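# A look at the structure
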Amino acid sequence: MKTIVVDDEESALEVFRYEARGIDELDIVYMSSDSEAALEYVGKNKADLAILDVDMQSMDGISLGNAILQKVPDIILIYITGYEKYAIDAVKLHAAGFILKPYTANDLRYAVESAKLLSRRGKKKIFARTFGHFDLFVDNKPIMFKSAKAKELLALLIDRQGGTVTTDQVIGTLWEDRPNDISTQNLCSKICKTLEKELNENGVGYMLVASRGVRHLDTDKFECDLYKMLEGNKKAADKYIGEYMVEYSWAESRTALLDRYAGELY
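Described below are features of the structure shown in this document. Since the model is a prediction, treat every value here as computed from it, not as a measurement.

Restricting attention to buried positions, one finds in helix H11 (residues 252–264) the residues Arg254, Thr255, Leu258 and Ala262. Elements that come into contact with the buried residues of H11 comprise helix H6 (148–159) and helix H9 (225–230).

Given below as structure tokens:
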């Protein structure tokens, strides 16, 4: 899990680094003694887990956790503190763990493993259907996209199988008849933000990763009939009857490849 750690005492961060050694589940991508900087980081970068000290000067950990949840609703929180009384506030924020100082590597490992289990349990089931008409299902119900272009952008990202897509590539595919000028770039930016909003409204915003005009999907966060078929799954291949994202002209070129691949499975 991509993890950020925030404590306003550098010595406490050093203790954490020491105790976190050997905990494979932790992929520490950011450590800071500055709450505001940490909040800015999670607004721009992917994070699955936030480990926060409660008793900090500029912004206490509970307030920081609440602010982080506003930006990343699906993030998992673990609190570290020397005061057991904060446990009630942590529970209100649905924290996955609460570690009392001084703690050991085993205490930290237990909290992280609990967070990992909670993360799996709390995630929604997401399935992208690309054979025939394109739809995204969340807990077996299709998302009713308000914006057709936002849905098409998602289809393009799924077609790229986790690969990155730039603004120019989006424009060249979704608006091939429009000039790539400021007006079209602004329109593209608006559609990208609309897609992010619609995914967040359906509780699955974590599948989309965006940074500096480049976007891609975290393919570990959802299932897809195309991906299963390409992995050699014959049950998925049975669903393919020669049609792929039929709404979108840019998807037609993949059909011949899928026809050939499906034939090779049998």
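A few words on the sheet that holds strand S10 (residues 208–211). The three strands are arranged S9-S11-S10 in an open sheet whose pairing can be described as antiparallel. The open sheet has two free edges, formed respectively by strand S9 (165–166) and S10, since each of these has just one partner strand. In the sheet, S10 pairs with strand S11 (residues 214–217) via four bridges, with the strands oriented antiparallel. Bridging across to S11, Leu208 finds its partner in Leu217.

On to the side chain of Asp225. By secondary structure assignment, the location of Asp225 is in helix H9. For the buried residue Asp225, which engages in no salt bridge, the nearest side chain bearing the opposite charge is Arg129, 6.0 Å off. If sequence neighbours within four positions are ignored, Asp225 has contacts with Phe127, Ala128, Arg129, Thr130, Phe131 and Ala236.

Evaluation of the coordinates by the stated rule reveals four aromatic pairs. Ring geometry for Tyr248 versus Trp250: centroids 5.5 Å apart, planes at 5°, classification stacked. Overall, the relative accessible area of 8% leaves Tyr248 in the buried class. The class for Trp250 is buried, based on a relative accessible area of 17%.

Rules behind the numbers
- Residues numbered from 1 in each chain as written.
- Predicted model: local features only at pLDDT ≥ 70, side-chain atom pairs only at ≥ 80, totals over all residues.
- Heavy atoms only, no water.
- Buried < 20%, exposed > 50% of the residue type's maximum accessible area, 1.4 Å probe, protein only.
- Helix = DSSP H or I, 4+ residues; strand = E, 2+ residues; numbered from the N terminus.
- Contact = heavy atoms within 4.5 Å.
- Pairing = 2+ DSSP bridges.
- Lys, Arg positive; Asp, Glu negative; His and termini not counted.
- Salt bridge = Lys/Arg side-chain N within 4 Å of Asp/Glu carboxyl O.
- Phe/Tyr/Trp six-rings, centres within 6.5 Å; stacked < 30°, edge-to-face > 60°.

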